[in-house]
Amino acid sequence: LRVTTNDKPGILSKISNVFTEQGVNIVEANCRSTDGRASNVFQFTVGDLDKLKALMRGISKVDGVHEVERV
């Protein structure tokens, strides 16, 4: 997933908590920030599409998240 967020303290922790709550293990993360925005790419494995959709919904509810997309 690519998650576009505000670049602010604690936002990665909040996103990581959503992965934990959904029982999904992050295999790799790449985070870059410029001009107050951050692009965060997460690699992980999920069992099915419903789990992925639930994860994406949960991440999109985090304050400061602008976009969540599959890549």
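Just above, that's the structure.
By convention here, each chain's residues receive numbers from 1 onward along its written sequence. The predicted nature of this model means local features are confined to residues of pLDDT at least 70 and side-chain atom pairs, given and counted, to a pLDDT of 80 or more, with totals for whole chains, interfaces and linings taken over all residues. The side-chain values count all of the structure's non-hydrogen atoms but skip hydrogen atoms and water molecules.

Caption draft 1: Local environment of the packing of aromatic side chains. Working definition: a ring pair exists when centres of Phe, Tyr or Trp rings (six-membered ring for Trp) sit within 6.5 Å. Plane angles under 30 degrees give stacked, over 60 give edge-to-face, the rest tilted. Tallied over the full model, the rule gives two aromatic pairs. Consider the rings of Phe19 and Phe42, whose centres lie 5.2 Å apart with planes at 50°: the pair is tilted. You can see Phe19 sitting in helix H1 (residues 11-21) and its partner Phe42 sitting in strand S3 (residues 37-44), a full 23 residues away along the chain. Arranged with centres 5.3 Å apart and planes meeting at 75°, the rings of Phe19 and Phe44 form a pair that is edge-to-face. Note that Phe19 is positioned in helix H1 and Phe44 in strand S3, a separation of 25 residues in sequence. A single burial state applies to Phe19 and to Phe44, both of which are buried. Working definition: helices are DSSP H or I runs of at least four residues, strands are E runs of at least two. Numbering for both runs from the N terminus. Buried, partly exposed and exposed residues are distinguished by accessible area as a fraction of the type maximum, computed with a 1.4 Å probe on protein chains only: under 20%, between the cut-offs, and over 50%, respectively.

Caption draft 2: Seen up close, helix H2 (residues 49-60). Given the number of residues in a helix, its expected span is that number minus one, multiplied by 1.5 Å. For H2, spanning 12 residues, the distance from its first C-alpha to its last is 16 Å, which sits close to the expected 16 Å at 1.5 Å a residue. Every buried residue belonging to H2 is among Leu52, Ala54, Leu55, Met56 and Ile59, and all of these are buried. What qualifies as a polar contact is a pair of N or O atoms within 3.5 Å, subject to a donor-acceptor requirement within protein and to the restriction that residues adjacent in sequence count only when both atoms come from side chains. Regarding H2, its N-cap is Asp48, as a side-chain oxygen of that residue lies 3.1 Å from the backbone nitrogen of Asp50 further along.

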